[in-house]
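Chain by chain, the residues:
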Amino acid sequence: MGGEKLTIGETARLLGMTPRAIRHYERLGLLEEPERSAAGYRLYGARELLRLHRIKRLRELGLPLRRIGEILDKPEDGAGLRRVLETLLGEVESRIRELKERRALILEALSRTEPEEPAEPPLLLRLLEERLGRRMEEMTNPALLEQGRRMWSLLDAFEWPEGYREALEILVGHLAERPEALRELLGLEERLAALAHAPPDSPEVEQLAEGFARYWLQHPQPDSQPGWTQSVSGVFSELALSRLSPAQRRCLELVRERLEGSG
């Protein structure tokens, strides 16, 4: 080929890239060190232009620089590049599927009042619905369901040690077999949900704590606690309480104190 040479700036403009990119390709070994002028400036001829054009084209196809280097070192028979592009196409299609799935999740989350909450009801509510069916709707109000959903969705989000599901199944089975006691408990839980915006020193807090304490003394629950360590059980309780208001937390603290004092 002819001996005409271009500066790095002229080469970059001709190829639609930057001088910095050309120097980067040289550092990676994708392009040989070019000739230098008497003043030390890089000079590029047709051979370098063809190689840089090929690098640019392969980059536009989405190939990483590592793969481009492997292709450039092989003869231009097209077979090697075709195999690489077929592999790349599979990766791109897989990524498109992932993005579509993520898009669907984002749209579904945006359709909910609380986008951060999962779409599926928490395990406890699903178990209650399986056992009670329509009776569950008749025995609960929206405020109570929302409070339960928020708290138990948070608890479901963690990978608790063995026994979490089993404990809930035992509790739900026990309550489902005692509809009157369950109705009384849900009434207390509705009053607890109503304390969401009450001050912690509200008289209703003390009154409701007394009601809960009497209920648990009259209706002992089955021993369904998982055999967790004290630290895990403590964190579980703290997470559950984190979804409650100060007045609600105060009420449950008073319930615990009364039950411990009666024991």
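These lines cover the structure that appears in this document, whether it is placed above or below. Quick caveat: nothing in here was measured; it's all calculated off a predicted structure. (Residues numbered from 1 in each chain as written. Predicted model: local features only at pLDDT ≥ 70, side-chain atom pairs only at ≥ 80, totals over all residues. Heavy atoms only, no water.)

1. So, the overall build of the protein
When helices and strands are tallied, the protein shows 13 helices and three strands. Its C-alpha atoms give the protein a radius of gyration of 34 Å, clearly above 18 Å, the size a compact globule of 263 residues would have. Summarising its shape, the C-alpha atoms of the protein cover approximately 100 × 40 × 35 Å along the three principal directions. Taking as baseline every contact in the protein between residues at least 6 positions apart, the subset at least 24 positions apart corresponds to 67%. The protein carries 40 positive and 46 negative side-chain charges, and their two centres are separated by 9 Å. (Helix = DSSP H or I, 4+ residues; strand = E, 2+ residues; numbered from the N terminus. Rg over C-alpha atoms; globule rule 2.2 N^0.38 Å. Contact = heavy atoms within 4.5 Å. Lys, Arg positive; Asp, Glu negative; His and termini not counted. Charge placed at Lys NZ, Arg CZ, Asp CG, Glu CD.)

2. Quick notes on the layout of surface pockets
Empty pockets left among the atoms are what a rolling probe the size of a water molecule brings to light. Of the voids in this model, the second largest pocket is the one considered here, and its volume is about 230 Å³. Forming the boundary of the second largest pocket are 16 residues, of which Pro121, Leu125, Glu129, Met136 and Leu145 lie nearest the centre. At the level of elements, α6 (123-132), α7 (134-139) and α8 (142-156) are the ones that each hand at least two residues to the lining of the second largest pocket. When grouped by side-chain class, the residues that make up the lining of the second largest pocket number seven nonpolar, three polar and six charged. (1 Å grid on protein atoms, 1.4 Å probe; cavity = no way out; pocket = protein on both sides within 12 Å on 5 of 7 lines; lining within 4 Å. Points joined across faces, edges and corners; volume = space filled by probe spheres on them. Nonpolar A, V, L, I, M, F, W, Y, C, P; charged D, E, K, R; others polar.)

3. Here we look at the pattern of salt bridges
Taken as a whole and judged by the stated rule, the model has 18 salt bridges. Of the charged contacts in the structure, one is a salt bridge between Arg191 and Glu204, with a shortest N-O distance of 3.1 Å. Taken together, the positions of Arg191 in helix α10 (residues 179-194) and Glu204 in helix α11 (residues 203-218) put the pair 13 residues apart, joining distant regions of the chain. Its relative accessible area of 33% is what places Arg191 among the partly exposed residues. Here Glu204 falls in the partly exposed class, since its relative accessible area comes to 24%. (Salt bridge = Lys/Arg side-chain N within 4 Å of Asp/Glu carboxyl O. Buried < 20%, exposed > 50% of the residue type's maximum accessible area, 1.4 Å probe, protein only.)

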